[in-house]
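In case you want the letters, here they are:
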Amino acid sequence: MSETEPHEPVEDASFVRPFIITGGRAEPLQTDLRLETMVMAVGEPDESLTFERRHIVAVCAQPTTVAEVAHRVGVPLGVAKVLISDLVVAGQLTCRQPAELPLQLLERIRDHVRAL
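Here the structure is a predicted model, which is why all the values come from computation and not from measurement. (Residues numbered from 1 in each chain as written. Predicted model: local features only at pLDDT ≥ 70, side-chain atom pairs only at ≥ 80, totals over all residues. Heavy atoms only, no water.)

(A) Examining the side chain of Thr37 more closely. As for its position among the elements, Thr37 is in the loop between α1 (18–21) and β1 (38–41). Given the relative accessible area of 0%, Thr37 is considered buried. When sequence neighbours within four positions are dropped, the list of residues in contact with Thr37 reads Asp32, Thr64, Thr65, Val66, Cys95, Arg96, Gln97 and Pro98. (Helix = DSSP H or I, 4+ residues; strand = E, 2+ residues; numbered from the N terminus. Buried < 20%, exposed > 50% of the residue type's maximum accessible area, 1.4 Å probe, protein only. Contact = heavy atoms within 4.5 Å.)

(B) Representation of helix α3 (residues 66–73) in the model. By the criterion of burial, α3 is predominantly enclosed, with six of the eight residues buried. When α3 is considered as a whole, its buried residues turn out to be Val66, Ala67, Glu68, Val69, Ala70 and Val73. Packed against the buried residues of α3 are β1, α2 (51–59), β2 (64–65), α4 (77–89) and α5 (103–115). Looking one or two residues beyond α3, the residue adopting positive phi is Gly74, at roughly 80°.

(C) Here's a closer look at the environment of Leu105. Its location among the elements puts Leu105 in helix α5. As for Leu105 and Glu36, which are separated by 69 residues in sequence, their C-alpha atoms are 8.3 Å apart.

(D) Quick look at the pattern of salt bridges. For the structure shown, the criterion picks out five salt bridges. Residue Glu68 pairs with Arg108 through a salt bridge whose shortest N-O separation is 2.5 Å. With Glu68 in helix α3 and Arg108 in helix α5, this pair connects stretches of sequence that are 40 residues apart. When its relative accessible area of 38% is taken as the criterion, Arg108 is described as partly exposed. Sharing partners across several salt bridges, the network here consists of Glu68, Arg72 and Arg108. (Salt bridge = Lys/Arg side-chain N within 4 Å of Asp/Glu carboxyl O.)

(E) How the structure looks around the environment of Arg108. Each C-alpha atom of the pair Arg108 and Glu68 lies 8.5 Å from the other, and the pair is 40 residues apart in sequence. Among the polar contacts made by the side chain of Arg108, one reaches the side chain of Glu68 at a distance of 2.5 Å. (Polar contact = N/O pair within 3.5 Å; in protein donor to acceptor, adjacent residues only side chain to side chain.)

(F) Looking closely at the confidence of the model for the protein chain. Mean pLDDT over the protein chain stands at 79; residues scoring 70 or higher make up 73%. Mean pLDDT in the protein chain bottoms out at α1, which sits at 63, and peaks at β1, which reaches 94. (pLDDT = per-residue confidence, 0-100.)

(G) Structural context of the sheet that holds strand β3 (residues 93–96). Taken in spatial order, the three strands make up an open sheet running β2-β1-β3, and their pairing is antiparallel. At either end of the open sheet lies a strand with only one pairing partner, and these are β2 and β3. Bridge count between β1 and β3: four bridges; the pairing is antiparallel. From the neighbouring strand, Met40 faces β3, where its bridge partner is Thr94. (Pairing = 2+ DSSP bridges.)

(H) Examining the nonpolar core more closely. Counting 20 residues, the largest nonpolar core has Ile56, Cys60, Val69, Ile84 and Leu93 as the members making the most contacts within it. Secondary structure elements with two or more residues in this core: β1, α2, α3 and α4. The element contributing the most residues to this core is α4, with six residues. In contact with Val69, other than residues within four places in its own chain, are Ile56, Val59, Cys60, Thr64 and Ile84. (Core = buried A, V, L, I, M, F, W, Y, C linked by side-chain atoms within 4.5 Å.)

Below, the structure written as structure tokens:
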């Protein structure tokens, strides 16, 4: 390759495009998931689940917000919502909307969203 030819960008081999993880879907099956929705695993991750879905169930062994799941799994928030929604429909996760958010939780959500 000569110095005058443009270099092609090298993609990170570990990067998986978000639309592949969600099967091309951008909208979650469950539309009421918010950043502060608390998500919790119903049991142990099912071995038939894909890597990201198993990771989400493992992360949700303790109640976790949707925003924190996205951060800890390392996927965009929209992808996390689609995957969490699929897992709720499959009976792997349960979710609940908190009535009132404590200030500390709001600050943690803000910090995690900024980190995304």
